[in-house]
Amino acid sequence: MVCTTEIQAAFILCSFMTFFGGLIILLAFRLILKFSKKWQTFKGTGIILELFSLGRIEHNPLRRLYFQRVFRDRIELLLSAQTVMGQVLAILVFVLSIGSLIIYFINSRDPVRKCSSHQDKTVPVDLSFNVFFTFYFGLRFWAAEDKIKFWLEINSIVDIFTIPPTFVSYYLKSNWLGLRFLRALRLLELPKILQILKVIKTSNSVKLAKLLSIVISTWFAAAGFLHLTFPLPSLFGQVENSGDPWLNGRNSQSMSYFEAVYLVTATMSTVGFGDIVAKTTLGRTFIIFFTLGSLILFANCIPEMVELFTSRKKYIKPYKAVKGKKFIVVCGNITVDSVTAFLRNFLHHESGAINMDIVFLGEAPPTLELETILKCSLSYTMFICGSALTFEDLKRVSMEYAEACLILANPLCSDLNAEDNSNIMRVLSIKNYCSHTRVIIELLQSHNKVFLSKIPTWNWSTGDNIICFAELKLGFIAQGCLVPGLCTFLTTLFIEQNQKVFPKHPWQKYFLNSLKNKILTQRLSNDFVGMTFPAVSRLCFVKMHLMLIAIQYRPQFHNCCSLILNPSAQVKLTKDTLGFFIAESPQAVKRAFFYCSTCHKDVYTPELIEKCDCKNSQQQALGPDIVVMKGNNKKFTCNSENQNFISREQESFLASTTFENRDGAYDSVEDTAEQLDSSGMFHWCRSTPLDKVILKRFDKSKPEFRNHIVACVFGDAQSALIGLRNFVMPLRASNYTRKELKDIVFLGALEYFQREWRFLQNFPKIHIFPGSALYTGDLHAVNIEQCSMCAILASPSKPLSSQLLVDTETIMATLNIQSLRISCPTPMPPVPGVSTASTFSKYQERRYQQIPILTELKNPSNIHFIEQMGGMDWALKGASLHLSTSFSRGTVFSANFLDSLLATAFYNYHVLELLQMLVTGGISPQMEQCLVQEKSYGIQADCATVTSRRSRCKLELLSLDHTILSDIEPRKTFGQLFCGSLDNYGILCVGLYRVMDEKEKNLEHKRFVITRPANDCHLLPSDLVFCAIPFSTACYKTENVSSNPSLENIANVTSLTPGRHRVGTEAEKASLRSSSQVYPLKLFTSSFFDQ
């Protein structure tokens, strides 16, 4: 049956009339409603009052409006597909739309001008579908808030142009294709339906489904338009089948719907084979605009679809573990910055060819920048998209065969607790999946460490380790407050310097050379068995040019293996002792392993000490007799008969606190008790209420602080806790006497300290001043001019738009404090029985012109602000923070280098243990494990054990004059000083703190750090020496030696100016020999180790 022009016009015009007619009615209704509201406002509220004045409530219009609103809300809930009925309705509408589109495809096989009769079986089916669409359209129209907006929606347009022609066909008893191809636009609802059916769940699959639905719906709709036949051929004509109307169809061509789809596909793909083309003007005009649109569509959708499809396949591929091939798994904070830093530090430890794969387990697909970085290391890196919290993903990375799993943390996140908790959950998942997998985790806050120790399969002895940023960062800063420059000294031992720098001044050359030294470990030769540590350290220094600073020692009657810094002569080396060296390369420290007492006895060239083939080197050789010169000019012989044996008498002797000075015993003094915590590692006091330590500006009873430490804290009631306990604990280490402890004055918001105080209430000599370091009056109130060090701690993490602004408060406080000047020295009040001799009498007329500051920077790139403040003309321009003048002086610190410790912990976790012991006041992972075991089994450490833990070395800064170092002769070079101090006093010299310009006449003696100077480095009279001093060794010299023959014990040298340092008293000497009182302290044993 051929469709006449009138029939075609009826099908087309009914749709347009419905669309435009409805739109006009809605616009008119909106204008009338708007006008009526203005009229009501002008006339008053008479209509409103009338609504409430009706007698019968069932006829009240307000009641009808209420029920209409309730009905409308229920319809909205139904259409939102949040209920089961709503989901069924949405799926049914989509299925029927696809069915209607299929009917269109079936009918399109007939010639375009042909009308289907009403007897066609597809007509009633399509009619029933459209009746349902009409009902669904009415529900959507009723629930719509904005009717006009609803009328112009894509789904509404599809219904308006496809539903009316169906009813017209029923009236005319004939059916025509018309605009029914628009049903293809219903395919845009495909992602929603797939989500309801839970076919797609991930964001990538949803995105892929949306892009695919856009392309397919556009494809079918465009093909339907080309196949379209307009009514009234004399006026419009058919696009391709009817030709141009003004040519009366003379340029028409026969085109089926499939051929239209083929033409659209060729056009969208920009191929254009030319076998089927548009000949009519209308068709070509449509192709012009469609080509432009398809280019945009293809340029955006197709590449993204391909990327999503390929990346999904690419990053879900499992890693296949190969026998003999080692690999590690890295998860957690996988970003461009973290991966870049990790690869740089991890691969730096690899020597030669890289024989270990790195598998990154990220929870999101890598960005383009991260993917580029991974492609540069494609031969040994692999990225797998997944989560460490699911066993399926752990299986895909072959976690059970991995050498270790390294978990990265984000130190710049705004919620530190949430970051730690997520990483702890990853550890728990990994340990549940495979209990023997070694895990190294980064944590941001120290109080979260306790959760890891409670995991049953967590095992320190197998290499499981924790890198706590807060603990290490604040520990470094605390050491810098105790000893000027010590923070920089320790940091240089763990940073990697690969940047080429050309020094312009002599001091820069010394500093850059010292950056080559690192902490390295090596098993010592068995020829050292039975020798004392001072003897071995001296031999390594003289013959091998190696500085041995510590060993790993396991007492015969103790299960815990401990690290000892500069052990005393009572400790004898055993077989396979692990030594800790300050050296430049791993190849250099191998000399300590290859050393043979027979072959290398007369060798003094380090390069000649290599592996030998003699029998003595293959056996447990006995150490030779070493003669060490003592201060009393007697010979001390280390016989080999006591090798591998430490008697119980020696064990008790090592555990006692009556260590005698190598230069002579102390005189008998009265016992003085000191309060220590139950671990014996820290000073303790009874819990102090917060109001007792708060200082008031105008309080007359406020103490006059001198030689104290001021800590500036930026935080408020909502800020994340930075863990000030980690800052206080090194300052309250028990290897300092109670009188050597310095007052700590915290300056900041009282609301913040109220939250931190429960962790600080058992530490002695702590004070809080509510205020801010940004106000000069508050700085004067804490007597900052007389402080030994002012530490400016970085503000807690806050969400900021730019990471360059994270140090704003810190930099402003530094600027404020540096503007303060000390005009003249303040005399110290006389102390009875205390010598007034100054350690540095050479500089009695010199004084710091600026307050000593140690500034923490979160963003190392902000170092240029600090350099500008200090007027550093000698700075290495364009260099990093660790090459800056401020860093070399020890006045600035940044924790960004802590990321490198993850690779250090993997390759050699002993180095990390030594670092933790140095910066935290003596607490190492092994010590924590022992304390936790003692607590879990109810073991109470006896007094001897507690006091033995206290009798450990401390790092100090000594002058070459007016200390016991002045008695060492000769001491022209650092090598002579090292050997002399070790032989006579057991003091281990490890570095220098030297004036930058000896000829400078400025009263500010700016000094820089030299780590492990060369053996032949010439000493200057003004040099200060970094030393590891035994607990019982006194270093001061008195003015009148005859009146006080014993050496005075000194407090830590933290100020280079006279008048600030208090000389040790008789009471302090007594405390060295006393039996300290031990108090059970939940803060350290329960909260710190087991919280």
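Residues numbered from 1 in each chain as written. Predicted model: local features only at pLDDT ≥ 70, side-chain atom pairs only at ≥ 80, totals over all residues. Heavy atoms only, no water.

The next thing to look at is the overall build of the chain. Scanning the chain from N- to C-terminus turns up 39 helices and 26 strands. Accessible surface, the chain as shown: approximately 49700 Å² in total, 58% of it carbon and sulfur. (Helix = DSSP H or I, 4+ residues; strand = E, 2+ residues; numbered from the N terminus. Areas by Shrake-Rupley, 256 points an atom, 1.4 Å probe, with all protein chains shown as cover.)

Time to look at the sheet that holds strand β7 (residues 439-443). Spatially, β5-β4-β3-β6-β7-β8 is the arrangement adopted by the 6 strands of the open sheet, whose pairing is parallel. The two strands at the open ends of the sheet, each matched to only one other strand, are β5 (381-385) and β8 (465-468). On average, adjacent strands in this sheet sit at an angle of 20° to one another, irrespective of strand direction. The pairing of β7 with β8 spans 4 bridges and is classified as parallel. Bridging from a neighbouring strand, leucine 443 pairs with cysteine 468 of β8. Against the sheet, helix α18 (residues 469-482) engages β7 and β8, with an angle of about 55° to β8. (Pairing = 2+ DSSP bridges. Axes fitted to C-alpha atoms, helices over the stretch in contact; angles between N-to-C directions. Contact = heavy atoms within 4.5 Å.)

Confidence in the prediction for the chain averages 76 pLDDT; 74% of positions are at 70 or higher. The low-confidence segment residues 826-848, where pLDDT is below 50, has 50 contacts with residues more than four positions distant or belonging to other chains. Within the model, pLDDT remains below 50 along residues 870-875, and this stretch shows 17 contacts once partners closer than five positions in the same chain are excluded. (pLDDT = per-residue confidence, 0-100.)

Attention now goes to the nonpolar core. Phe342, Phe360, Ile549, Phe727 and Phe746 are the most contacted members of the largest nonpolar core, which has 145 residues in total. Counting residues per element, this core draws most heavily on α18, which supplies 8 residues. In this view, phenylalanine 746 contacts Ala711, Val713, Leu724, Phe727, Val728, Phe753, Leu760, Ile766, His767, Ile768 and Phe769; residues no more than four positions away in its chain are not counted. Grouped together as the second largest cluster of nonpolar side chains are 49 residues, Phe137, Ala221, Ala222 and Cys301 included. (Core = buried A, V, L, I, M, F, W, Y, C linked by side-chain atoms within 4.5 Å. Buried < 20%, exposed > 50% of the residue type's maximum accessible area, 1.4 Å probe, protein only.)

In this section: unusual backbone geometry. That bond from glutamate 969 to proline 970 is cis: its omega, -10°, falls within 30 degrees of zero. Here proline 970 is to be found in the loop between β22 (954-959) and α37 (974-985). Even without glycine at this site, histidine 545 takes up a positive phi of about 55°. Along the chain, the position of histidine 545 falls in the loop between α21 (533-544) and β10 (547-553). Classification of histidine 545 as partly exposed rests on a relative accessible area of 41%. Notably, arginine 1012 is not glycine yet its phi reads approximately 45°, a positive angle.

Judged by pairing direction, the sheet is antiparallel, and its 4 strands sit side by side in the order β22-β25-β23-β24 without closing on themselves. The open sheet has two edge strands, β22 and β24 (1007-1011), and neither has a second partner. For this sheet, the mean inter-axis angle between neighbouring strands, taken without regard to orientation, is 30°. Direction of pairing for strand β23 (residues 988-995) relative to β24: antiparallel, over a ladder of 5 bridges. Its bridge partner lying in β24, valine 995 is registered against arginine 1007.

A word on the pattern of salt bridges. A side chain with one charge can pair with a side chain of the opposite charge if their charged atoms come near. For the structure on display, the rule yields 17 salt bridges. The salt bridge partner of arginine 30 is aspartate 146, with a shortest N-O separation of 2.5 Å. A residue pair is termed long-range when its members are at least 10 positions apart, and arginine 30 in helix α1 (residues 5-43) and aspartate 146 in the loop between α5 (122-143) and α6 (147-151) qualify at 116 residues. Of the residues examined, arginine 30 reaches a relative accessible area of 40% and is grouped as partly exposed. Owing to a relative accessible area of 30%, aspartate 146 belongs among the partly exposed residues under this scheme. (Salt bridge = Lys/Arg side-chain N within 4 Å of Asp/Glu carboxyl O.)

On to the environment of glycine 715. Within the secondary structure, glycine 715 sits in the loop between β16 (709-712) and α27 (725-731). The exposure class assigned to glycine 715 is buried, which follows from its relative accessible area of 18%. Between the alpha carbons of glycine 715 and tyrosine 752 there is a distance of 5.8 Å; along the sequence they are 37 residues apart. When neighbours within four sequence positions are excluded, glycine 715 is seen to be in contact with Ala749, Tyr752 and Pro796.

Turning to the side chain of serine 213, a few remarks are in order. Within the fold, serine 213 resides in helix α9 (residues 203-226). In terms of polar contacts, serine 213 uses its side chain to reach the backbone carbonyl oxygen of lysine 210, at 2.7 Å. Excluding residues within four positions of it along the chain, serine 213 makes contact with Leu187, Leu188, Leu190 and Pro191. (Polar contact = N/O pair within 3.5 Å; in protein donor to acceptor, adjacent residues only side chain to side chain.)

Moving on, we come to the packing of α5 against helix α7 (residues 154-172). One can describe the packing of α5 onto α7 by two numbers: an axis separation of 9 Å at closest approach and a directional angle of 135°. Judged by the inter-axis angle, α5 sits oblique to α7. Note that α5 runs across α7; the crossing there is left-handed. Packed against α5, whose contacting residues are Asp126, Leu127, Asn130, Val131, Phe133, Thr134, Phe137 and Arg140, the element α7 presents Asn155, Ser156, Asp159, Ile160, Thr162, Ile163, Thr166, Phe167 and Tyr170 at the interface. Residues of the contact of α5 with α7, tallied by class, amount to 8 nonpolar, 6 polar and 3 charged. (Parallel < 35°, antiparallel > 145°, perpendicular 65-115°, else oblique. Left-handed = near helix turned anticlockwise from the far one by under 90°. Nonpolar A, V, L, I, M, F, W, Y, C, P; charged D, E, K, R; others polar.)

With that out of the way, let us pick up the pairing of β24. Working note: regular strand, side chains alternate between the two faces of the sheet. The buried fraction of β24 amounts to 5 of the 5 residues, a majority that puts the element mostly inside the structure. Alternating positions in β24 separate into two faces, Arg1007, Val1009 and Thr1011 on one and Phe1008 and Ile1010 on the other, with burial throughout.

Moving on: a nonpolar patch on the surface. On the surface, Ile288, Phe289, Leu292 and Leu295 cluster together into a nonpolar patch covering about 430 Å² of accessible area. Mapped onto the fold, leucine 292 is located in helix α12 (residues 281-314). (Patch = residues over 30% accessible without salt bridge, like charges linked within 9 Å, V, L, I, M, F, W, Y side chains within 5 Å.)

What follows concerns the packing of aromatic side chains. The final tally for this structure, using the stated rule, is 33 aromatic pairs. Ring plane angle 45° and centroid distance 6.5 Å describe the contact between phenylalanine 132 and phenylalanine 135, whose orientation is recorded as tilted. Separated by 3 residues within a single helix, phenylalanine 132 and phenylalanine 135 lie in helix α5, roughly one turn from each other. The interplanar angle of 75° and the centroid separation of 5.2 Å between the aromatic rings of phenylalanine 906 and tyrosine 907 together place this pair among those described as edge-to-face. Accessibility expressed as a relative area gives 31% for tyrosine 907, which makes it partly exposed. Here a set of aromatic residues connected by ring pairs shows up, and it is made of Phe342, Phe346, Phe360, Phe906 and Tyr907. (Phe/Tyr/Trp six-rings, centres within 6.5 Å; stacked < 30°, edge-to-face > 60°.)

This paragraph deals with α18. Its 14 residues place the ends of α18 20 Å apart at the C-alpha level, agreeing with the 20 Å of an ideal helix rising 1.5 Å per residue. The buried count for α18 comes to 14 of 14 residues, which makes it a mostly enclosed element. (Expected span 1.5 Å × (residues − 1).)

Structurally, leucine 212 can be placed in helix α9. Classification of leucine 212 as partly exposed rests on a relative accessible area of 38%. Between the alpha carbons of leucine 212 and methionine 305 there is a distance of 7.5 Å; along the sequence they are 93 residues apart.

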